[in-house]
Each structure stands twice: as structure tokens, then as C-alpha cells.
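# Results of the structural survey
Read off the chains here:
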Amino acid sequence: MRKMKRFAALALTVVMGLSLVACGKDDDKKDSGSNGGNETATEAQAEVKTTVVDTGEIKAVVPEGWTGLQVHDMFSDDPEAKDPEQLQIIKGGTTAEDAWKCNFIQVYYSAPGKELASAKDFYEDAKDIEPFEKGGYSWTGYTCSSMGYEYTIIEGKKGEESLQLSILTKNGEQTISFDDTDVQFIIENITTTPPATTEK
């Protein structure tokens, strides 16, 4: 059930890319380009206001200009139910509806004993990126596209825990870069808490 849930959530992310409409560009000029020099993402964000979003299993430190939102549990009959294994971080938006028109980072968590499904086969032009270490995780990933929208998708491992981040980097004329300081800050400052019990 959980594997099917993860697969459906990943498919939904792909479908979202098909309906995206460009957001305003007010925030684009703040953090375009890569993280140059010797300054780390954490140091660069030291003076920036942040908020903490905690699903119970995923905790993220979100810089100003981004909003972290818990994701509805699509397999629950309760319209207020949230999925602790997912988190959406939207740039320049403040509601779940904004995810359809803005750049975002979709976070998926897989606790020990669970398998994280890959969506690589759903995308076009998938190209592997160099593995890297950040935030206690060992990351691999790829750049890809779907219907003209561009993504960077990274998968992190820490022991038996897994994270997958789907980063929408191009939405119409609005772009963000995987190397942007705020994107790197978000990646570096995601922490996880395995549930007390996991499904078999």
C-alpha cells in the first residue's frame, strides 16, 4: 500500500508539471546563479529569516521567500489528513494551489523498511548528476524534463532511511537553479525522524 502511495504521489508530481503556469518573477533575481566562493549555504543564510516546517517525520528549515506546506494524504477519507512522508516547499507561493504555478521542491521520505519508488522512467532527457554528500545524506540524482518543464531529482540515503527531492527548476520563464544558495540551504537542513513503528 505504501509503495503504491509513493508511486501515485510521484506520478502526481509529473502530472502537476503538465498544468503549470508561470509565477511572477519578483523572487527570481534574488538567488539566481550558483553558490560561488567559499561561503556555504548555511553561512549565506545566517542573516535570512527562516521558518521550520515539521510533518512529524520530515523537518525542513525554509528560508524567506519560500513556504513549506504539509501534503494531503490522498489515501485518507479525512479531508484534513496530512501525509507525514511528504512535504512541499514552494517558492513565491503560500498555498497548495500555488504549487501548480510556481517553482517548488517536493520532498518524499522513506523510513527504514520501506522502499522509495523512482520516477526516472517517467521523464524525458534524464541525465545523471555527480553524487554528493550533504546534510548527513549521500545523494545521487539526475536532471530531466517533462512537457517542457525542467526538474532536478535527487535521492538521498542515510543508513536505512531515504529521501527523494523533486525540484522544479524551470516553469515557463521562471527558473531556479539546483545550485542556488536557498535551494542548497533547504537540502542541507532537512532532517528526518523515523516513525515509532513501520508497516511491513
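Keep in mind that this is a model prediction, so the values were computed, not measured.

About the criteria used
- Residues numbered from 1 in each chain as written.
- Predicted model: local features only at pLDDT ≥ 70, side-chain atom pairs only at ≥ 80, totals over all residues.
- Heavy atoms only, no water.
- Buried < 20%, exposed > 50% of the residue type's maximum accessible area, 1.4 Å probe, protein only.
- Helix = DSSP H or I, 4+ residues; strand = E, 2+ residues; numbered from the N terminus.
- Contact = heavy atoms within 4.5 Å.
- Salt bridge = Lys/Arg side-chain N within 4 Å of Asp/Glu carboxyl O.

### Considering helix H3 (residues 181-188)
Within H3, six of the eight residues are buried, leaving the element largely enclosed by the surrounding structure. Among the residues of H3, Asp182, Val183, Gln184, Phe185, Ile186 and Ile187 are the ones counted as buried.

### As for the side chain of Thr152
Relative to the assigned elements, Thr152 resides in strand S8 (residues 149-158). In this structure Thr152 comes out as buried when scored by relative accessible area, which is 5%. Among all residues touching Thr152, those that are not within four sequence positions of it are Ile129, Tyr142, Thr143, Leu165, Ser166, Ile167, Thr169 and Phe178.

### With respect to the pattern of salt bridges
By the definition in use, this model includes three salt bridges. Here Lys101 makes a salt bridge to Asp98, at a shortest N to O gap of 3.4 Å. Since its relative accessible area comes to 38%, Lys101 is described here as partly exposed. For Asp98, a relative accessible area of 11% gives the class buried.

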